[in-house]
Amino acid sequence: MKWDEVSKQQCSVARSSAVLGDRWTLLILSDCFLGVRNFDQFQDRLEMPRTTLANRLQKLIEHDVLYRKKYRTSPDRFEYRLTEKGRDLYPVLSTILNWGDKYYAEAAGPPILRQHMPCGHDIQPVLQCPECETAVDAHNIHARIRPHHDSCPDVNRGPVLRHG
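Cut-offs and rules
Residues numbered from 1 in each chain as written. Predicted model: local features only at pLDDT ≥ 70, side-chain atom pairs only at ≥ 80, totals over all residues. Heavy atoms only, no water. Helix = DSSP H or I, 4+ residues; strand = E, 2+ residues; numbered from the N terminus. Buried < 20%, exposed > 50% of the residue type's maximum accessible area, 1.4 Å probe, protein only. Areas by Shrake-Rupley, 256 points an atom, 1.4 Å probe, with all protein chains shown as cover. Arc of directions from axis to C-beta. Polar contact = N/O pair within 3.5 Å; in protein donor to acceptor, adjacent residues only side chain to side chain. Disulfide = S-S within 2.5 Å. Pairing = 2+ DSSP bridges. Patch = residues over 30% accessible without salt bridge, like charges linked within 9 Å, V, L, I, M, F, W, Y side chains within 5 Å. Salt bridge = Lys/Arg side-chain N within 4 Å of Asp/Glu carboxyl O.

Undergrad: What is the right way to look at the overall build of the protein in this model?
TA: Scanning the protein from terminus to terminus reveals six helices and four strands. Listing each helix as α and each strand as β along the protein from the N terminus yields α-α-α-α-β-β-α-α-β-β. Counting only residues that meet the buried cut, the protein has 23% of its 164 residues in that class. Of the roughly 12,600 Å² of accessible surface on the protein, 52% is carried by carbon and sulfur atoms.

Encoded structure:
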C-alpha cells in the first residue's frame, strides 16, 4: 500500500496516521498544549526547518486540528490555535507522554509535570472505562469489527482472531 492511500483505509489508526503520523506533527501538537501559538515560537523551540514547519501547520489547518487567528496587522501576524478536534487529541498526547515518562525519564523524573487544577495534585492521566471507572489497558480490552454497513466498505484490517 502506498502512503497516500493510508487515509482511505477502513481503519481509524491508518486515517489518523495520515494526519498525525510524523515526528514533527506530534511535537507541534505537544507544544500547542504547552501554550505555544506563533510560528517563530514553534521554530525556535523545535529547531525544525521553516518550510517543514509551515507544511505541517498547513496540514493541521486543512484537517481542522488547528486554525489561524490574526493577532497583528502591518505586517499580518497569526497565531495557531487548537480547534475542538485538536483539543480532543489531549488524551493521545497524554498517553504518549505517560509512556515516555515511564520508559525514558531520567533520574530526576519526568521533565514535564501535569497538575490537576481542581485538586492541585500532580498526576499522570489514565484511560478508564466510562461505565465502571476501572483502568483500561491492553489486557482488559477486546476488539471486534463493526457490524456490516451497506454504505461503507468492509473492514480489512480488523483484529486477528486466534483459536486455541
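Undergrad: Help me understand helix H3 (residues 39–46), please; the structure alone is not making it clear to me.
TA: Since there are 3.6 residues in each turn of an α-helix, residues three or four apart along the chain are aligned in direction. Every buried residue of H3 is accounted for by Phe-39, Phe-42, Gln-43 and Leu-46. Buried residues of H3, viewed axially, fall in a sector of 95 degrees; they line one side. N-capping of H3 is provided by Asn-38, with a side-chain oxygen placed 3.1 Å from the backbone N of Asp-40. Backbone geometry just downstream of H3 places Glu-47 in the positive-phi region, at approximately 50 degrees.

Undergrad: Is there a simple way to explain the state of the cysteines in this structure?
TA: When the sulfur atoms of two cysteines share a covalent bond, that bond is a disulfide. Applying the stated rule across the entire model yields zero disulfides. No disulfide involves Cys-129; its sulfur sits 3.8 Å from that of Cys-132, the nearest cysteine. Classification of Cys-129 as partly exposed rests on a relative accessible area of 22%.

Undergrad: Help me out: how do you make sense of the pairing of strand S1 (residues 66–72) in this one?
TA: In the case of a regular strand, side chains alternate between the two sheet surfaces. Relative to strand S2 (residues 77–82), S1 runs antiparallel, the two being bridged by six bridges. Its bridge partner lying in S2, Leu-66 is registered against Leu-82. Counted along the chain from S1 to the antiparallel partner S2, the turn is four residues long, and its residue Ser-74 has a positive phi close to 55 degrees.

Undergrad: I keep staring at a nonpolar patch on the surface and nothing clicks. Help me out?
TA: A contiguous nonpolar patch, built from Trp-99, Tyr-103 and Tyr-104 and spanning about 430 Å² of accessible area, is present on the exposed surface. Within the secondary structure, Tyr-103 is located in helix H6 (residues 90–104).

Undergrad: Would you explain the pattern of salt bridges in this entry?
TA: Opposite charge on two side chains permits pairing when their charged atoms draw close. In this structure the tally under the stated criterion is six salt bridges. With a closest N to O distance of 3.1 Å, Arg-56 and Asp-22 form a salt bridge. In this pair, Arg-56 is assigned in helix H4 (residues 50–62) and Asp-22 in the loop between helix H1 (12–20) and helix H2 (23–33), connecting sequence segments 34 residues apart. Asp-22 sits in the partly exposed class, given a relative accessible area of 22%.

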